[in-house]
Amino acid sequence: MKRNTIIYYGSCCMLLTILSANAAAQKIKYSDGRPAASLRMECRDEGIVMRYGDGKDSCDTYGAREAVVNKEGDTYYLFYDGAGKDGWISCLAESRDLRTWTKKGTILTLGDSTKTDYKSASTPWAIKEKDVWHMFYLGTPNTTPPPYRIPAFPYLTMKAQSKSLRGPWIKQYDVTPLPPKENSYYSVTSSPGFIVKDKKEYLMFFSGAAQDSAGTKRTLGIARTKDLNGSWRIDSVPVFPLTEQVENSSLFYDRFAKTWFLFTNHIGIDEKELEYTDAIWVYWSKDVNKWNTKHKAVVLDSTNSVWAKGAIGMPAVIKVGNRLALLYDAAEGQSKSHMFRNIGLAWMDLPLKIPHD
């Protein structure tokens, strides 16, 4: 009888844990009525693995953001936005275990005053074709005033290439991968995102945004190409409605579940009408070209982060053995600021378990 009681008690605790996690996701309501995620996917936060402030030549004095991870051989290469003395510029750090990072400094430079990356050259996504790495990075001619120089609209996708992830990266100003379009869902933002190859063409899940009298609306779009050195064909309809308020993407295909998982940043709004990146969400689909807003869950937010209780930024995922690693940026404590962010690491077991009501 005692043994049965223990089993019953343990089962109840497990059930309560699952229910409380789902309840935490369900109770969120945004002041302007934007959609919330009603489910939660299990994710264990390890904490900060790379702090801002000690990058070469003051490249990340004011923060480290928007981690993008690649692996070649036994080395992980982390591109991140260093908020430095000259602006937000992409930096490189290297690791063998995703926990201990060696900073290498900036890998891009700002363009001259005639170029659209005059004020920022950041957030690069790279893909290898044969022996060449193709980089797609965010450029803008506008920022807020010094010292923080936060990038401002328009966010544009620009191109560079290299024989190595370490560089040197050669900019290709003659290539306009994702030209913005007036009166579209990407009129003020057409910035780069995760790239996958589907049959004979490449798909980029880019960030799109538009503005109206009610403010900024954000979503993801799919751009397609067979030529990485050309312009991409942009789908006329976004992946999600603009009301979904998501940006930035990282995809993972779970071969066991035969399912695509799309990790993205959700933009929330607080009681003072301040918008900020409040959570990482995940969507799932059997078809990389078709996504349903009902199939989504919270992955990481202030509820399960061990160190970030305010802003939680862009996700990047990569498979490590039988787990999926998630790298992200966040502000320590309650801060919702764009500045003074560090890079954190969290884990999910594979195969990923799709949450249910």
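Residues numbered from 1 in each chain as written. Predicted model: local features only at pLDDT ≥ 70, side-chain atom pairs only at ≥ 80, totals over all residues. Heavy atoms only, no water.

**Student:** Any details on the sheet that holds strand β20 (residues 341–349)? Residues and values, ideally.
**Tutor:** Spatially, β1-β20-β19-β18 is the arrangement adopted by the four strands of the open sheet, whose pairing is antiparallel. Each edge of the sheet is formed by a strand with only one pairing partner; in this case those strands are β1 (44–50) and β18 (312–320). For this sheet, the mean angle separating the axes of adjacent strands, direction not counted, is 25°. Sheet topology places β1 next to β20; five bridges connect them, and they run antiparallel. In the sheet register, Ile 48 faces β20, and the bridge partner there is Gly 344. (Pairing = 2+ DSSP bridges. Helix = DSSP H or I, 4+ residues; strand = E, 2+ residues; numbered from the N terminus. Axes fitted to C-alpha atoms, helices over the stretch in contact; angles between N-to-C directions.)

**Student:** So what's going on with the confidence of the model for the chain? Residues and values would help.
**Tutor:** For the chain, the average pLDDT comes to 93, and 92% of its residues sit at 70 or higher. Taken as a whole, residues 1–23 scores under 50 in pLDDT and shows five contacts with residues more than four places along the chain or in a different chain. (pLDDT = per-residue confidence, 0-100. Contact = heavy atoms within 4.5 Å.)

**Student:** Give me the pattern of salt bridges: which residues, what numbers.
**Tutor:** The tally for this structure, following the rule as stated, stands at 27 salt bridges. We note a salt bridge from Arg 99 to Glu 46, for which the minimum N-O separation is 2.6 Å. You can see Arg 99 sitting in the loop between β4 (87–95) and β5 (102–106) and its partner Glu 46 sitting in strand β1, a full 53 residues away along the chain. A relative accessible area of 36% places Arg 99 in the partly exposed class. Classification of Glu 46 as partly exposed rests on a relative accessible area of 35%. The salt bridge partner of Asp 117 is Lys 171, with a shortest N-O separation of 2.7 Å. Placement of the pair is Asp 117 in the loop between β5 and β6 (120–129) and Lys 171 in strand β9 (residues 170–171), with a sequence separation of 54 residues. Judged by relative accessible area, Asp 117 falls into the buried class, the value being 0%. When its relative accessible area of 18% is taken as the criterion, Lys 171 is described as buried. (Salt bridge = Lys/Arg side-chain N within 4 Å of Asp/Glu carboxyl O. Buried < 20%, exposed > 50% of the residue type's maximum accessible area, 1.4 Å probe, protein only.)

**Student:** Which residues make up the nonpolar core, and what values do they have?
**Tutor:** The tendency in soluble globular proteins is for nonpolar side chains to be buried as a group. Core analysis: the biggest nonpolar cluster contains 39 residues, and Phe 79, Trp 169, Phe 205, Leu 251 and Trp 291 have the highest contact counts within it. Beyond its immediate stretch of four places on either side in the chain, Trp 169 contacts Phe 79, Ile 107, Leu 108, Ala 126, Trp 133, His 134, Met 135, Ala 160, Gln 161, Ser 162 and Ser 164. Formed by 24 residues, the second largest nonpolar core is a distinct cluster that contains Val 317, Leu 326, Ala 346 and Leu 352. (Core = buried A, V, L, I, M, F, W, Y, C linked by side-chain atoms within 4.5 Å.)

**Student:** So, the sheet that holds strand β17 (residues 296–300): which residues are in play, and what are the values?
**Tutor:** With antiparallel pairing, four strands are arranged side by side in an open sheet as β14-β15-β16-β17. Because the sheet does not close on itself, it has two edges, and the strands there are β14 (246–254) and β17. Averaged over all neighbouring strand pairs, the angle between strand axes comes to 30°, with direction disregarded. Bridge count for strand β16 (residues 275–285) against β17 is four bridges, and the pairing is antiparallel.

**Student:** Can you tell me about the environment of Ile 222, naming the residues and giving the values?
**Tutor:** Relative to the helices and strands, Ile 222 is located in strand β12 (residues 215–225). A residue is classified by how much of its surface remains accessible, and Ile 222, at 2% relative accessible area, is buried. Along the sequence, Ile 222 and Val 237 sit 15 residues apart, while their C-alpha atoms lie 8.6 Å from each other. Those residues in contact with Ile 222 that lie beyond four places of it in its chain are Tyr 185, Leu 203, Met 204, Phe 205, Phe 206, Arg 233, Ile 234, Asp 235, Val 239, Val 288 and Asn 289.

**Student:** Residue-level account of the side chain of Glu 201, with values.
**Tutor:** Relative to the elements of secondary structure, Glu 201 occurs in strand β11 (residues 201–212). In this structure Glu 201 comes out as buried when scored by relative accessible area, which is 16%. A distance of 3.3 Å separates a polar atom in the side chain of Glu 201 from a polar atom in the side chain of Arg 224. Apart from the residues within four sequence positions on either side, Glu 201 is in contact with Val 196, Arg 224, Thr 225, Lys 226 and Arg 233. (Polar contact = N/O pair within 3.5 Å; in protein donor to acceptor, adjacent residues only side chain to side chain.)

**Student:** Hey, could you go over unusual backbone geometry for me, with residue numbers and the actual values?
**Tutor:** Across the junction of Phe 153 and Pro 154, the peptide omega takes the value 0°, indicating a cis bond. Mapped onto the elements of the fold, Pro 154 is located in the loop between β7 (132–140) and β8 (155–162). With an omega of 5°, the peptide bond between Gly 167 and Pro 168 qualifies as cis. Positionally, Pro 168 belongs in the loop between β8 and β9. Phi is positive for Glu 66, which is not a glycine, with a value near 50°. In this structure, Glu 66 sits in strand β2 (residues 64–72). The backbone phi angle of Leu 98 is positive, close to 70°, even though this residue is not glycine. Its place among the elements puts Leu 98 in the loop between β4 and β5.

**Student:** Break down the pairing of strand β15 (residues 259–269) for me, with residues and values.
**Tutor:** Among the eleven residues that make up β15, eleven are buried, leaving the element largely enclosed by the rest of the structure. Side chains Thr 259, Phe 261, Phe 263, Asn 265, Ile 267 and Ile 269 of β15 all project onto a buried face; the interleaved residues Trp 260, Leu 262, Thr 264, His 266 and Gly 268 project onto the opposite face, where all are buried too. Bridging between β14 and β15 involves eight bridges; their strand directions are antiparallel. Residue Ser 249 lies in a different strand from β15, and its bridge partner there is Thr 264. A loop of four residues connects β14 with β15, the two strands running antiparallel in sequence, and Lys 258 in this loop sits at a positive phi of about 50°. Strand direction decides the pairing type here: β15 and β16, joined by ten bridges, are antiparallel. Within β16, the residue paired with Phe 261 across the bridge is Trp 284. Connecting the antiparallel pair β15 and β16 is a turn made up of five residues, with Glu 273 showing a positive phi of about 70°.

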